[in-house]
Amino acid sequence: MFTSFIHKKRRLTPPVLIATSFMITILIGTVLLKLPFATTAPITWTNALFTATSATTVTGLSVFDIASTLTLFGEIVLLALIQIGGVGLMAFAVALLMLLKRRVGMKNRMFLQESFSQQSLGGTVKFLKNILGFVFITEGIAFILLSLLWVPEFGWKHGLYYSLFHVISAFNNAGFSLFPENLIGFAGDLPVTLILSSLFIIGGLGFTVVMDVVTKRSRKQWSLHTKIMLAGTLTINLIATVLLFALEYHNMKTIGSMPIGDKVLTSYFQAVTPRTAGFNMVHVGDMEDSSLLLTLLLMFIGGGSASTASGIKLTTFIVIVVATLAYFRGMTEPHLFKRTVKSEIIFRSLAIAAVSSMLVFTAFFMLTITESFPFLPLLMETVSAFGTVGLSAGITGDLSPVGEWIICAVMFLGRIGPLTLFFLLIRPKKESFKYSYDRVHTG
C-alpha cells in the first residue's frame, strides 16, 4: 500500500499540486479561524470556510465585518492566507527548501514552471527568488509610504498595523479592509488612491511581466505577452475610467456630489479595482446598472497570467478580440506587435472563455434557485467570486449556507483557473488519426 501511495504521489501533475496546495491552505485556515480566540464571537464552520477560501483565493468577499469579528490573531491568520494565496503555497514551500539549503527537485521546478507560466525549466528557481524579493521590497516601500499618511491620522499602533494589512491585501489583490465601509472614507484621497491602486495594478500584471520589465534593458527585448499586458492594461483602465466617470457623474449616491477632481480620482479607482482588487470607494450597490454591467465585464476579464489576479485573464480577452477582428478582415492569422499569434493560443483562449462562461452560468443558475436576491446583485456576486474580486452589491452576509458553499466553490475554481480544472477532470490525449473534413453551418 505504501509503495502504491508513493507511486501515485510521483504521478502528481503540476495542476493537481496547484489545486491541492490551495485546498490544504484553505482547510488549515478554516480550522485556525474557527478557534475560539480567532473571533470575538463564535462563527459557524461554513463562515470560517467561506472566509478562509476568500482569503486564500485573494477574493475579499466576507460574510461578516472583519475588524469587529476577528481578533488580532484572526486578522493575522487572514493576512497569512492572503500572502500565501497571492504567491502560492508551493512557491513558499520551495522557498523554504532554498532557505534550508535543500535541493529543489524536478517536480518542484515543474510546479514553478506551471505556476509562473515559464517557457522552460531552466532558471525557475532564480525566477522564484526574484519574485519573492520583488514582492517583499514592493510591499515594504508601500508600507512605509502608507504609514507616513496613516500614523499621523490613527497613531503609531493602528497606523502601522492598518498600513501593513492594506498593503498586503492590495498587492495580493485581496480587497479585504479593516475599515467598516472599506475605502469609502478615502474617496478623493490622492496619495491613498495612488499607493493602493499601484499595488494591485502591479500585482495584477503578473510576475512574468514585472520581471520582464525589470530585467530587460530595452522594450524591444520584452516578450509579446508583456507588451500585450502593458498596452492592454493601460487601454482598458483608461476606457473604464472615462466610462464610469460619465455614467456616474450625476449619481448623487456615488460621485455626484463630489468636486470634479474627486470624481475623476474615484472613477479611476472604481475602474481599476474590478480587475480583481476588490476595494471600493463608493457603495457598489448604489452604482448605476450600466456601471455594474461594465464592472461585471471587467471582473470577468481579470488581470494577468501568473499574477495575484484571476478572471479569464486580459491576454485571453485580447487574443479573442484580435482573432475575431482578423476573421472579419479575411486574415488567416491574427497579428499583435508585428508578431503572429499561434492557432493553439487562440484555441486555448476560446477554451478558457468557454469553460469560464459555463462555470459562471452554472453557479449563477444554482444561486437563483437557493437565494431570493434580485438578478443583477446575484450575478455580480457570482462573477466577483469567479474573478476573485470581492466587490459585492451588499448581499454576501445574507447568503444561505448553501449559497456560501456555491460561492466558495466558484472562488476556488476561479483562483486555480479553468484550464487547471480541465486538466484535473480530463486527461488530454494525442490523436493518431484524423477524420475527413465536412462543413458545419454556423452564425
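Provided above is the structure to which this section pertains.
Residues numbered from 1 in each chain as written. Predicted model: local features only at pLDDT ≥ 70, side-chain atom pairs only at ≥ 80, totals over all residues. Heavy atoms only, no water.

## Observations regarding the overall build of the protein chain
Part 1: On a plain count of helices and strands, the protein chain comes out with 18 helices and two strands.
Part 2: Going through the 443 residues of the protein chain one by one, you find that 52% of them count as buried.
Part 3: For the protein chain, contacts bridging at least 24 residues in sequence account for 69% of all contacts bridging at least 6. (Helix = DSSP H or I, 4+ residues; strand = E, 2+ residues; numbered from the N terminus. Buried < 20%, exposed > 50% of the residue type's maximum accessible area, 1.4 Å probe, protein only. Contact = heavy atoms within 4.5 Å.)

## Considerations on the environment of Leu160
Part 1: Position of Leu160 among the secondary structure elements: in helix H8 (residues 124-171).
Part 2: In contact with Leu160, not counting residues within four places along its chain, are Phe143, Ser147, Val151 and Gly155.

## Focus on the packing of helix H11 (residues 224-248) against helix H13 (residues 289-301)
Pairs of packed helices are described in terms of their axes, by the angle between the two and the distance that separates them.
Part 1: In contact at an axis separation of 10 Å, H11 and H13 are set at 160 degrees when each is read in the N-to-C sense. When the axes of H11 and H13 are compared, the pair comes out roughly antiparallel. Seen along the crossing, H11 lies across H13 with a hand that is left-handed. Note on element contacts: H13 touches H11 through Ser290, Ser291, Leu294, Leu298 and Ile301, opposite Ile236, Ala240, Leu243, Leu244, Leu247 and Glu248. (Axes fitted to C-alpha atoms, helices over the stretch in contact; angles between N-to-C directions. Parallel < 35°, antiparallel > 145°, perpendicular 65-115°, else oblique. Left-handed = near helix turned anticlockwise from the far one by under 90°.)

## With respect to the packing of aromatic side chains
Part 1: One pass over the structure, following the stated rule, counts 17 aromatic pairs.
Part 2: With 5.2 Å between their ring centres and 55 degrees between their planes, Phe179 and Phe186 make a pair best called tilted. Of the two residues examined, Phe179 and Phe186, each falls in the buried class.
Part 3: Aromatic ring contacts, followed pair by pair, group Trp150, Phe154, Tyr162, Phe179 and Phe186 into a single cluster.
Part 4: Its end group placed over the ring of Tyr249, Lys263 keeps NZ or CZ at 3.5 Å from the ring centre. (Phe/Tyr/Trp six-rings, centres within 6.5 Å; stacked < 30°, edge-to-face > 60°. Lys NZ or Arg CZ within 6 Å of the ring centre and 35° of its normal.)

## Quick look at the nonpolar core
Part 1: Counting 111 residues, the largest nonpolar core has Leu78, Ile82, Phe176, Leu183 and Ile407 as its most contacted members.
Part 2: With 15 residues, the single largest contributor to this core is H8. (Core = buried A, V, L, I, M, F, W, Y, C linked by side-chain atoms within 4.5 Å.)

## With respect to helix H5 (residues 72-87)
Part 1: With 16 residues, H5 extends 23 Å from end C-alpha to end C-alpha; this agrees with the ideal 22 Å at 1.5 Å per step.
Part 2: Residues Gly74, Glu75, Val77, Leu78, Leu79, Leu81, Ile82, Gln83, Gly85, Gly86 and Val87 constitute the buried set of H5. (Expected span 1.5 Å × (residues − 1).)

## Observations concerning the packing of helix H10 (residues 207-215) against H11
Part 1: Running from N to C, H10 and H11 point in directions that differ by 105 degrees, and their axes come no closer than 9 Å. Comparing the axis directions of H10 and H11 gives the class roughly perpendicular. On H11, the residues that touch Thr208, Val209, Asp212 and Val213 of H10 are His225, Thr226, Met229 and Leu230.
Part 2: Looking at side-chain class alone, the contact of H10 with H11 contains four nonpolar, three polar and one charged residues. (Nonpolar A, V, L, I, M, F, W, Y, C, P; charged D, E, K, R; others polar.)

In short, geometric facts, not functional conclusions.
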